[in-house]
Amino acid sequence: QLQGLDADARSDIFVYGSVFYELLGGKHPFRGPEVAGTLHKILTAQPEPLSPAIADCPPALEQVVFGALEKDPEKRYQSFAELLVHLKAVLFELDRKSAEELFREARQLLEAGQIDEAGAAAKTGLNLDPGNAEATKLYQELQRALRAREVAKQSQDRLKAIQAEVEHGSFS
């Protein structure tokens, strides 16, 4: 619009990219000292990379944001549907990485005997990446460990009850 072109969906995508950049990076992508400076930056400058503001910023996320902020409308995402395809791919990869971290944590917790905590971490990981076969096996192993712990507790409780009956002479 600043270039004298008609506004269309690509204009909205640029605005979305600007808001998305600000949400992620904590500052407006084109902030100038005054309105005229901001308008000049919108027309001529590229925003600073997001990676310094976001620890471990995935390059693919930065590409999506900068694709929405492309100056040339022909090079910008042509529809929100197209943008969403790319954003979903980034989110899928982030979920997968988070799930892998949770599965590593669950394995460590299981090895440390912290079955409940391990189960919670594995379940959260499976919610993020339900197709992970290794995680499914880990979760099944945790379920078996929980059942075995419950059976052992029930056996101990029953053994204590029998011992108490024997001590009181009421065992029959």
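Here the structure is shown first, and the text comes after it.
Parameters at a glance
Residues numbered from 1 in each chain as written. Predicted model: local features only at pLDDT ≥ 70, side-chain atom pairs only at ≥ 80, totals over all residues. Heavy atoms only, no water. Phe/Tyr/Trp six-rings, centres within 6.5 Å; stacked < 30°, edge-to-face > 60°. Helix = DSSP H or I, 4+ residues; strand = E, 2+ residues; numbered from the N terminus. Buried < 20%, exposed > 50% of the residue type's maximum accessible area, 1.4 Å probe, protein only.

Colleague: Explain the packing of aromatic side chains to me, and be specific about the residues and the numbers.
Modeller: Under the defined criterion, the tally for this structure stands at four aromatic pairs. Aromatic pair Tyr16 and Phe20: ring centres 5.5 Å apart, planes at 35°, arrangement tilted. Taken together, the positions of Tyr16 and Phe20, both in helix α1 (residues 9-25) and four residues apart, correspond to about one turn of that helix. Judged by its relative accessible area of 16%, Phe20 is buried. Judged by centre distance (6.2 Å) and plane angle (75°), the ring pair of Tyr21 and Phe66 falls under edge-to-face. Note that Tyr21 is positioned in helix α1 and Phe66 in helix α3 (residues 59-68), a separation of 45 residues in sequence. There is no split in this pair, since Tyr21 and Phe66 are both buried. An aromatic cluster is present here, built from Tyr16, Phe20 and Phe80 joined pairwise through their rings.

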